[in-house]
Every structure is written in structure tokens, then in C-alpha cells.
Amino acid sequence: MALAKFGAKFGMKSGSRGGDHGGPSGRLVLKRRFQKRRFLGRLLATTVLIAPGLLLPGIPAAMAQTNPAGPSANAVSFAIAPQSVDGALAAFSAATRIQVLTPGAVTQGVASPGVSGAMTAREGLNRLLSGTGLVARFLNTETVTVERVAAGGAVQLDPVQIEGNRTAGGPGALPPAFAGGQVARGGRIGALGNQDAMDVPFSVTGYTAETIRNQQAETIADVLANDPAVRSSLGYGNFAESFVIRGFQLAGEDLSVDGLYGTAPRQIVATNMFERVEVLKGANAFLNGAAPSGSGIGGGVNLVPKRAEDEPLTRLTASYAMDSRLGLSADVGRRFGDANQFGVRVNAAVRGGDTAVDDEERTLKLGSLALDYRGERARVTLDVGTQTQRVEQGRPVVYFGSFVPAVPSASQNYAQPWTYSQMRDTFGQLRAEYDILPNLTAYGAFGLRSMREDGDYGSPTVTRPDGTGTVRRLTVPREDFTSTGQAGVRADLHTGPVRHQLNAGASALRTTNNNGFEFGTTTAINLYRMVGMPRSVTTSASGMTGDLPKVSESVLRSVYASDTLSILDDRVMLTAGLRQQNIQVRGYNRANGARTSDYDQSALTPVVGLVVKPLKELSLYANRIEGLAQGPTAPSTAANAGEIFEPYRSVQYEVGGKLDFGSFGGSLSLFQTTQPSGVTDAFTRLYSVSGEQRNRGIELMLYGEPVQGLRLLGGATFIDPELTDTGNAATEGKDAVGVPRHQFNANVEWDLPFLPASFPTVTLTGRVIHTGAQYLNTANTLKIPSWTRFDVGARMIADVQNRPVTIRAAVENVTDKAYWASAYGGYLSQGAPLTAKLSVSVDF
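Model, not experiment: these values are computed from the prediction.

Undergrad: Where do I start with the overall build of the protein chain in this structure?
TA: Tallying secondary structure elements over the protein chain gives seven helices and 48 strands in all. Taking all 844 residues of the protein chain together, the buried fraction comes to 57%. Residue pairs in contact within the protein chain that sit at least 24 positions apart in sequence constitute 68% of those at least 6 positions apart. Summing over all exposed atoms, the protein chain offers an accessible surface of approximately 32,400 Å²; the carbon and sulfur share of this is 60%.

Here it is as C-alpha cells:
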């Protein structure tokens, strides 16, 4: 009730519908927008400028977070002269971005000997405090407290750092974060495992937990909004997050978890249980195998589970998002054993309420558990979790006729009140590796996922420019069960001056899909003046009584082998590999269970890649790699109806370079990816795989902290998405549907340097996302315009009773721009309206 009054007071929710602003409803829309902006301005001003002074007067500044890889992960260059401990600690925080807490007056009148040279943050801090009578104790990877040595000389020692943690080897090994902490120095390159980006002939970007938290990213689509090569849309007729990488689709069910397909939630994936979101750009059939649903030709996404770090962690976060979404999450991690060899990480989250879209409600319930063991020769991880997402009256996609409908107002909802979707996923994954010899390791992984979805869907089809159209109910209950696994060996050896990194293994995945459907009657609607209708009566149905019938079963199997040859101290590296893959898909009749189709085809997908490092800071690379998806069957209208074709083999060529200046880095790549398509000859009526979508592009990525306290993340992608050999003069040489020719991203963070010492650290953030025009049909007669979105935010880090507290505030789509965000798939997905977010995190 209080939330309802709060929202009503600030005009954050309105029952208005309709696209024009001339009548009473239009005036209400404009009034609501003005009230939103006024409310948000007050919110940000209060958070950034007033709250620190009121809550925390006189408390020393708490600096920005450290590298999430941990205080011992990277060497830092120190040049801190002898001075007061307060001044030395302030310089230490500026150099490492680690928050230092100094309870009481323990540092008053104490001098520090200073520190100089390159060393870890932990070593630097110990030298800084040498002889001062003070001791440092890390509360977590981002916060350290400085305390006076107890009487009698008893000192509580800082936990011993174990070499061989996630920054070393093992299935949970993570490349350290790059300067600025927003992206990692590398990521998982499929079967090749975790690699430094400078050492591989592929383009990979790993977004860190620090980025996820600071941007208050709730789903994977929120994280990937940072990437200039990626855009997001909704699935066909449902609320699934679908991605477009380098102009090709990546379906939500084709995300991998720790390098293994099949265990990620199918439609919407919450970020709470993941440490990183890694984007591997480009075809990847050798690296990852064929994706379960056949997408991912332009790139893949790997999710890295959170696991216990060396420092204890207990973090509680409360969150709010417009209009009335409240959330609470907990993140707890501990290590045990005489060498910290056992780890436990638990995450739990609940979130729910109305979104910034009128009358749309979303809820989340999530829990995950990560266990790990890291011994001298063996390393084991177990990740289990459950997630339930529910969307009530979610704004759907829009279908259209021979014209492009005008975009409705930014927050308008054109969903029927009876529409909903509930998605429940339960999943687990066991991964282990064992060092048979110092240079020979066996590894394996096994995972399971069980999923249940229920929903009433109703996406409008607009038939006239005034918004007139129809909507029809589709009810689909669905159950999936997936089992997946991988096993292999890798070796590192030398033959004369040549180093060989050998890898061989096998993988398999099986998915069964049980579902039913129900169609309701067709109802007349208007997109701009939507009126809620009763749930329509059923006109046809199948599989809706008793247990859901099996509709399809997919089995993917592969074996692979590769060798990375290196010479001249790894300055020249050549990777070559082969993967033999088999795709088997069977279809079944819902009514009697009879088999209706049987696809069973195999293909060999090679890879070759070269890395040359002429300078320490420069890595040049080239690759040729393929993508793989189930091939087509000739349609009934073709002269060769029923003919089954081999799997689609997409081919990618890429060359590029990567720069690493320590505090600032980037990459530039030129690529061409061709995806075949089936075409029926107009004269012979023979169906064949002869058409092609050819995407040629240039991709630029920049990241890092070029100046202390100023962090940059962004880039640009330019694509020429040409359709060739289509067999139709009207579409030959035209642009592919839903692929913009250019995309830009720019993300800036600035730690305010001029605040007084008594003020907590304040960081201002800004982001710009621009996407070019997109065609809606292959004849290129319909298109949606380009769009630009602006986001702003701020965060504040302070200590309250010796506990680090982080307050984050953000406004996405600050101009409340209404726009069609995506035309991929030949339907329209609208961008989200102005949305304010606020969260408070406390580490205990």
C-alpha cells in the first residue's frame, strides 16, 4: 500500500493507454514523464550530494573497489613516499582501488615508511605499515581494515594467500581483471579452456562481477548492453532474451555455463549466481560444439559461476527499480581447511513488483550453491541452482503487415491482462580435473537441467497504420530435460624449440522436449488504444490432457583434438584442431507418439588460428573457423520434397590486433562470416542449399583506466549484412533482416577527485548506446530508424560502523525515448522506458 501511494505521488504509474498525446490520456502521459524526471533528479541529488554528508560526517574517504580477482592477483607499481599513515593509506587506495577502513583514531600521529616498487597489493600494504604498530586485515577482496596491534604483541594475522586459487589453474581458474575492473584479461575459449586474450586468435570479452554489481544488471541482456557487437531482443512470441552477435542470432537456450552447454536457464537468466559473463565473438563450432538449438553462428556467451574466494564474504543487497520492484539478495562465501582447500558460495535473491512498463509485473526467486575443492593435484567444483521467473502482462513483440507501425509511447503496454509466463529451471553441474603428471591433466564435466514453462501468450498483429489489428491467445506448457557432459585430456610438452599444448576429448548432450498447445479465438484490438479482453475460448488444442507428450528429442555428440604450437617464448602461436560432430533430431506426434521425423547427419569442423606478438603490448591474430547447425529438409512444395541435407556449415575468416598498455587496452578485428540458406529454384522447383547471408564487418573495442579514477568501456561495430544467391531478384544483394549496419557503445566512470577527505568516494557514470536502422523484410522495403539511448548514474562507497556500504543509483533511457529496439526475426521488440534503479549493499 505504501508503495502504491509512493508511486501515485510521483506519477510513476498511469493507467493511460494510447499513442497520441492530444487527448486527456496523452496529457497524462506527458505529465507522468515530467513527474518521473523530477522525481529522479531529486533521487540522484539526494543520493550523491546529501546522504554522505548527513550519514557519515568526518569519516575518511573510502576508495573505489579493488580488482575483483583479489588483492594478491596482480602486481602494482607503488611510489609512496614516507609520510603520515593517513596520507599513505590514501595513496594506497588510489593505486589499488581497495577500500581502507581505519576505525577510531588508530592512525592519528602515526608515520609510515612508505613503499616503492612492483608487488602485490597485500605486500605493498604490509610494507606501508611496517614498524607502525598497525596491522591490516582483509575483510574481503575489496575492503581492508587497519587495526592497532593488541597489547602484548598478539597480532591477528591476515589469512594466508594460497597460490593455486582461481587465478591459477583448475576448472574455476579465472583470468585476472584488466585495469579498471570492468572486463577480464581473457576468458574461456571453449575446449581450449581459460586463456589470456593476448594468447588466442579469437575475440573474447569477459564482463566482471564488479561491472554487474555497479550497473545493477539483473539479467544477461543487461550485461551485454555494454558490448558494441551485441544487441538484445525478445524471443518469438514469448519473453525470452535473444541476442544478436555480429549480425547472427544467439538463442537464450544456447548459453553455456563454465564451458558446458545445456545447464543454463532457457529464457531469462538472472545474474546473481554468476561471477562473469563472457562473450566469444565469432563462429565457434570447434571450440564449443554445435549449439543445442543451432544458433550462435556469430558468437557465444559463457556464464562463470560464483565460487568462494580466499577472503570471507557476507554481502546483503536491497534494491528498488521503477515502478515498484523491490529486491533482496544475499551473497556468502567461505573457505575451510588447513590450506583453504574447501570452498562454499551461496547466493539467494527475491525480487518482484511492477516494472516501468504500464501494468507489467515481474518476479524472481533464485537460489544457488557452489562447492569446490582445490588440492595439490585434483580440483573439483559443484554448482547447483534453481530459478523461477514470472512475467505478468509482459509487453509482447509486435507483428505487422505491409507497413511499419508507429512506435507507441515508451511505457505503454499493449499486452492483454490474461497474458503471463512462468519459467522454472533447476540445474546442476559437476566439473573435475586431475593432474596425472605435472604436464598431463584429465578433465571432465557432467550437468543436468529440468525445466517447466507455462504461459498464455498474445502478441498483436497490426494490419492498419491507425493501430487496428488482431490478437490470438496461444497457451503453451513445456517441459525440458537435459543431460550433458564432456571429458578429455590436455598436455603441455616440448619437442625441441617448439611447445605443444595438446587437447583431446569428447562431448555429448541430450534434450527431450515435452509440450502441448492451445489456440484461442482471434480478437480485434488497437495497438495504441488497447482494451483488455477476457481470456478467449479455445478453438484448437493438442497434448493438453494428462502428461505432456514428447515432441522432440535432440542428441549432439562430438570428438575433438587440437594442438597449439608455440615458438620464441610464445611470441608465435599456431592453433589447429578438428571436431567431428553428429546431430540427431527426432520429432514425434503429440497424439499417438509416432515418430514423424528423423534427422541424423555428421560434419567435420576444423579450426586454424595464428597469433604473432611483435611487441609485448601488441598481439596480431588471424583465424578460420566454422559454425554448425542442423541442415534443412526440402519442403513439400519442392520437386525433391523430403530430401534431408547435411548440417549448415558457416565459415568465418577473421584478422585483427589487440593492444595491452597495462592500464588501457583495446582490439580491432575484421571479419567475414557466411551462413548458408535453402532456396527453391523458380524453374526446376528443386530445393538446394545455395543461398547465403554474408556478414562482413569491422569491430573496435576499448577498455581500461587510462587515467587514475577514469574508466572507459565501449567500441563500435560496422557490418555489411548482404544476402547473396537468393534466387530472387527482389532480394539479391539486399541487407539481412534485423541487422544494423553500425552499432556504438560508450561507458564512462569518473571517481570525483575534488571531494574533501571527510567525504566518501563518489563515482559518476554515463553510458550511450546507439544502433543503426534495421530492415524488416528481405526486399528491404520496410525498416525501423536508428535509435540512441542515454543512461546516467552514481555510486557512493563509505564505511558505517567499520562496514563497507555501497549505494548505487542509475537512470536508464534518461530521455524516456520510445523506439523499436530490434527487428530481428521479422518482428518488432520495443525498447524499455525510462527506468530508475537504486540499491544499497553492505559487507559484513
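Having put the structure on the table, let's press on.
Undergrad: What should I look at first to understand the sheet that holds strand 11 (residues 230–234) in this one?
TA: Note on sheets: strands pair through backbone hydrogen bonds, and any given pair is parallel or antiparallel. Strand order in the open sheet made by the three strands is 11-12-13, with antiparallel pairing throughout. The open sheet is flanked by strand 11 and strand 13 (248–250), the only strands paired with a single partner. Within this sheet the neighbouring strands show an average axis-to-axis angle of 35°, counted without direction. In this structure, strand 11 lies alongside strand 12 (residues 241–245), joined through five bridges in antiparallel fashion. Paired with V230 across the strands is I245, a residue of strand 12.

Undergrad: Can you walk me through the sheet that holds strand 17 (residues 299–305) in this structure?
TA: Strand order in the open sheet formed by five strands is 10-16-17-14-15, and the pairing between neighbours is mixed. For this open sheet the edge positions go to strand 10 (203–207) and strand 15 (260–261), each flanked by a neighbour on one side alone. Here strand 10 runs beside strand 16 (residues 274–281); their pairing, made up of five bridges, is antiparallel. Within strand 16, the position partnered with V204 by the bridge is L280.

Undergrad: Please clarify how the pairing of strand 24 (residues 420–437) should be interpreted in this entry.
TA: Remember that side chains alternate between the two faces of the sheet whenever the strand is regular. Where strand 22 (residues 378–392) lies against strand 24, 15 bridges are found, and the strand directions are antiparallel. The residue of strand 24 that forms the bridge with E392 is Y420. As defined by bridge partners, strand 24 adjoins strand 25 (residues 440–457) across 17 bridges and the pair is classed as antiparallel. Across the sheet, G428 pairs through a bridge with L448, a residue of strand 25. The antiparallel pairing of strand 24 with strand 25 creates a hairpin that spans two residues between the two strands.

Undergrad: It is not clear to me how the packing of aromatic side chains should be interpreted in this structure. Could you clarify?
TA: Given two aromatic rings, one states the distance between the centres and the angle between the planes to describe the pair. Under the criterion given, the structure shown has twelve aromatic pairs. Geometrically, the ring pair formed by W750 and F754 is edge-to-face, given 6.1 Å between the ring centres and 65° between the ring planes. What makes W750 partly exposed here is its relative accessible area of 36%. The exposure class of F754 is exposed, given its relative accessible area of 58%. Its guanidinium or amino end placed over the ring of F286, R579 lies 5.9 Å from that ring's centre, counting from NZ or CZ. In this structure, K658 is placed above the aromatic ring of Y621, and the distance from its NZ or CZ to the ring centre is 4.7 Å.

Undergrad: Can you help me understand the confidence of the model for the protein chain in this one?
TA: Low pLDDT marks stretches whose predicted atomic positions should not be read closely. Confidence along the protein chain averages 87 in pLDDT terms, with 88% of residues attaining 70 or more. Long-range and interchain partners of residues 41–72, a stretch whose pLDDT sits below 50, account for 95 contacts in this model, where long-range means more than four residues apart. When the criterion is pLDDT under 50, residues 151–172 qualifies, and its contacts beyond four places in sequence or with other chains add up to 51 contacts.

Undergrad: Looking at this structure, how should I read the side chain of R395?
TA: Mapped onto the elements of the fold, R395 is located in the loop between strand 22 and strand 23 (399–400). At a separation of 2.8 Å, a polar atom in the side chain of R395 contacts the main-chain carbonyl oxygen of A410.

Undergrad: Please explain the packing of helix 3 (residues 85–96) against helix 4 (residues 121–128) as it appears in this structure.
TA: Each packed pair of helices is defined by two parameters, the angle between the axes and the distance between the axes. It is at 11 Å that the axes of helix 3 and helix 4 come closest, and there the two elements cross at 170°. Looking at the two axes, helix 3 sits roughly antiparallel to helix 4. Residues A88, L89, F92 and T96 of helix 3 lie in contact with helix 4, whose contacting residues are A121, L125 and L128. Considering only residue class, the contact of helix 3 with helix 4 consists of six nonpolar, one polar and no charged.

Undergrad: Can you walk me through the pairing of strand 36 (residues 648–660) in this structure?
TA: As paired strands, strand 35 (residues 618–629) and strand 36 are joined by twelve bridges and run antiparallel to one another. In the strand pairing of strand 36, L620 is matched with G657. Where strand 36 meets strand 37 (residues 664–680), ten bridges bridge the pair, whose relative direction is antiparallel. Within the sheet, the bridge partner assigned to D660 lies in strand 37 and is G665. Between strand 36 and strand 37, which pair antiparallel and follow one another directly, the connecting turn spans three residues, one of which, G662, has a positive phi of 90°.

Undergrad: Which parts of the structure should I look at to understand the pattern of salt bridges?
TA: Side chains carrying opposite charge are able to pair once their charged atoms draw close together. For the coordinates displayed, the defined rule picks out 49 salt bridges. D598 is the partner of R595 in a salt bridge, and the nearest nitrogen-oxygen pair spans 3.1 Å. Judged by its relative accessible area of 48%, R595 is partly exposed. On the basis of relative accessible area, D598 is assigned to the partly exposed category, the value being 34%. In this structure, D751 and R711 form a salt bridge, with 2.7 Å as the shortest nitrogen-oxygen distance. Highlighted residues: D751 in strand 40 (residues 742–751) and R711 in strand 39 (residues 710–724), separated in sequence by 40 residues. Of the residues examined, D751 reaches a relative accessible area of 15% and is grouped as buried. Looking at R711, the relative accessible area reads 0%, which means it is buried. Shared partners join several salt bridges into a network, and the residues in it are R188, D258, R307, D383 and R431.

Undergrad: Looking at this structure, how should I read the nonpolar core?
TA: Looking at soluble globular proteins, one finds that nonpolar side chains tend to be buried together. Grouped together as the largest cluster of nonpolar side chains are 31 residues, with contacts concentrated most on I220, L224, F243, L255, V277, V301 and L303. Listing elements by their share of this core, those giving two or more residues are helix 6 (220–224), strand 12, strand 16, strand 17, strand 21 (361–374) and strand 38 (687–707). Among the elements that make up this core, the one with the highest residue count is helix 6 (four residues). V301 has contacts with I220, L224, I245, L250, L255, S256, V277, E278 and V279, leaving out every residue within four places of it along the chain. Counting residues in hydrophobic clusters, the runner-up holds 22 residues, among them L89, F92, V106 and V146.

Undergrad: Looking at this structure, how should I read the environment of N340?
TA: Within the fold, N340 resides in the loop between strand 19 (325–336) and strand 20 (342–354). Placed 30 residues apart in sequence, N340 and D310 show a C-alpha to C-alpha distance of 7.4 Å.

Undergrad: Just checking my understanding: could you explain a nonpolar patch on the surface for this structure?
TA: Residues V655, L668, L670, I698, L700, L702, F718 and F744 make up a contiguous nonpolar surface patch of roughly 630 Å² in combined accessible area. Residue assignment for the nonpolar patch shows that the elements contributing at least two residues are strand 37 and strand 38. With three residues, the top contributor of residues to the nonpolar patch is strand 38. Along the chain, F744 falls in strand 40. Residue F744 is classed as partly exposed on the basis of its relative accessible area of 32%.

Undergrad: How should unusual backbone geometry be read in this particular structure?
TA: Note: most residues except glycine have negative phi, and most peptide bonds are trans. Between M322 and D323 the backbone carries a cis peptide bond, its omega angle lying at 0°. By the element assignment, D323 lies in the loop between strand 18 (313–321) and strand 19. Non-glycine residue D258 carries a positive phi angle of around 55°. Turning to its location among the elements, D258 is positioned in the loop between strand 14 (256–257) and strand 15. What makes D258 buried here is its relative accessible area of 3%. Its identity as a non-glycine residue notwithstanding, Q393 has a phi of 50°, on the positive side. Taking relative accessible area as the criterion, Q393 reaches 10% and is therefore assigned buried.

Calculation rules
Residues numbered from 1 in each chain as written. Predicted model: local features only at pLDDT ≥ 70, side-chain atom pairs only at ≥ 80, totals over all residues. Heavy atoms only, no water. Helix = DSSP H or I, 4+ residues; strand = E, 2+ residues; numbered from the N terminus. Buried < 20%, exposed > 50% of the residue type's maximum accessible area, 1.4 Å probe, protein only. Contact = heavy atoms within 4.5 Å. Areas by Shrake-Rupley, 256 points an atom, 1.4 Å probe, with all protein chains shown as cover. Pairing = 2+ DSSP bridges. Axes fitted to C-alpha atoms, helices over the stretch in contact; angles between N-to-C directions. Phe/Tyr/Trp six-rings, centres within 6.5 Å; stacked < 30°, edge-to-face > 60°. Lys NZ or Arg CZ within 6 Å of the ring centre and 35° of its normal. pLDDT = per-residue confidence, 0-100. Polar contact = N/O pair within 3.5 Å; in protein donor to acceptor, adjacent residues only side chain to side chain. Parallel < 35°, antiparallel > 145°, perpendicular 65-115°, else oblique. Nonpolar A, V, L, I, M, F, W, Y, C, P; charged D, E, K, R; others polar. Salt bridge = Lys/Arg side-chain N within 4 Å of Asp/Glu carboxyl O. Core = buried A, V, L, I, M, F, W, Y, C linked by side-chain atoms within 4.5 Å. Patch = residues over 30% accessible without salt bridge, like charges linked within 9 Å, V, L, I, M, F, W, Y side chains within 5 Å.

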